[in-house]
Amino acid sequence: MRILFADSYEDMSLEAAKLVAAEAWHNPQSIFGFATGDTPIGMYQCLVEIHQHFGIDFSQATSFNLDEYVGLAPDNPQSYHAFMQNHFFQYMNFRRECIHVPNGLAENIPEECAQYDKTIREAGGIDLQILGIGRNAHIGFNEPADGFTRGTHEVILKSSTIQANARFFSSVEDVPRRAISMGIGAIMQAKRIVLLASGSEKAEAVYKAVHGLVSSQAPASVLQFHPAVTLIVDKAAGAKLQ
Ligand code: PGA
């Protein structure tokens, strides 16, 4: 695992944006895996600026988001569809039909999950996957569990994740209890992975991801088995690493 120590959240965001921009520059038809949450927002802002100032073209690129809440419509402001639209896609030149986010309103969730994996496969697989990390070392919505998940699947959220995400909703009761998430197996198939972490509350999870025993109880630890991971941490998140 390659580790970049950034001085600040802004520095982490810029370094991540440069990797995405470089991928798009190198291969305009790149397939990106994108993440939501507070952590990648700065990266998206940098990418919007890079796109606007340098004209890096995403019109032939494709994107797949990691996850979506079950039961939220795409135009629900708390949905990850809306998150991506508001922070990123509205400013970029991805073609609408090349933007993929799991459908949280699907009537048949297992079918939606299988179709999502099939669409990723048919697109040629993800070239560059962006990940955040949860305090419990989850990636996507792959929570600590007895085994590693494989493909895209339905998740029952842990109460710790519901609490952590309540800040985006008017109350904790409004946080959906279920989500669709790409599985660990699907994430591990990405050709390259960029894992971002910022803030002291992520330091322990980052330590487990890098030095911990590889275990489904700390899902990010599986990244130790991926051949091309770049971890970008700010000072606080990287405090337990050497
Ligand atoms: P955060 O979430 O970026 O909002 O901290 C990351 C995650 O839970 O994967």
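Rules of the game
- Residues numbered from 1 in each chain as written.
- Predicted model: local features only at pLDDT ≥ 70, side-chain atom pairs only at ≥ 80, totals over all residues.
- Heavy atoms only, no water.
- Axes fitted to C-alpha atoms, helices over the stretch in contact; angles between N-to-C directions.
- Helix = DSSP H or I, 4+ residues; strand = E, 2+ residues; numbered from the N terminus.
- Parallel < 35°, antiparallel > 145°, perpendicular 65-115°, else oblique.
- Contact = heavy atoms within 4.5 Å.
- Nonpolar A, V, L, I, M, F, W, Y, C, P; charged D, E, K, R; others polar.
- Near = heavy atom within 4 Å.
- Polar contact = N/O pair within 3.5 Å; in protein donor to acceptor, adjacent residues only side chain to side chain.
- Areas by Shrake-Rupley, 256 points an atom, 1.4 Å probe, with all protein chains shown as cover.
- Pairing = 2+ DSSP bridges.

Caption draft 1: The packing of helix H2 (residues 41–54) against helix H3 (residues 80–87), seen in detail. Direction vectors running N to C along H2 and H3 enclose 40°, while the axes themselves pass 10 Å from each other. Here H2 lies oblique to H3, going by the angle between them. Along its contact with H2, which presents Ile41, Tyr44 and Val48, the element H3 presents Phe83, Met84 and His87. Tallied by class, the residues present in the contact of H2 with H3 amount to 5 nonpolar, 1 polar and no charged.

Caption draft 2: Structural view of the environment of Phe89. Its location among the elements puts Phe89 in the loop between H3 and strand E5 (99–100). For the pair Phe89 and Val48, spaced 41 residues apart in the sequence, the C-alpha separation amounts to 8.8 Å. Non-local contacts of Phe89, meaning those with residues more than four positions away in its chain, are made with Phe34, Ser63, Asn65, Met84, Phe94 and Ile99.

Caption draft 3: Summary view of the site of the ligand. Around the ligand, the neighbouring residues are Gly37, Asp38, Thr39, Gly132, Ile133, Gly134, His138, Arg167 and Lys202. The side chain of His138 places a nitrogen or oxygen atom 2.7 Å from an oxygen atom of the ligand. One of the side-chain N or O atoms of Lys202 is found 2.6 Å from an oxygen atom in the ligand. Isolated, the ligand exposes 280 Å² of accessible area, and the fraction of that covered by the protein chains is 82%.

Caption draft 4: Up close: the sheet that holds strand E8 (residues 178–181). Pairing is antiparallel across the open sheet formed by 3 strands, whose spatial order is E4-E8-E7. At either margin of the open sheet sits one strand with a lone partner, and together these are strand E4 (67–69) and strand E7 (153–156). In this sheet, adjacent strand axes meet at a mean angle of 25° when their direction is disregarded. The pairing of E4 with E8 spans 3 bridges and is antiparallel. Residue pairing in the sheet places Glu68 in a bridge with Ile180 of E8.

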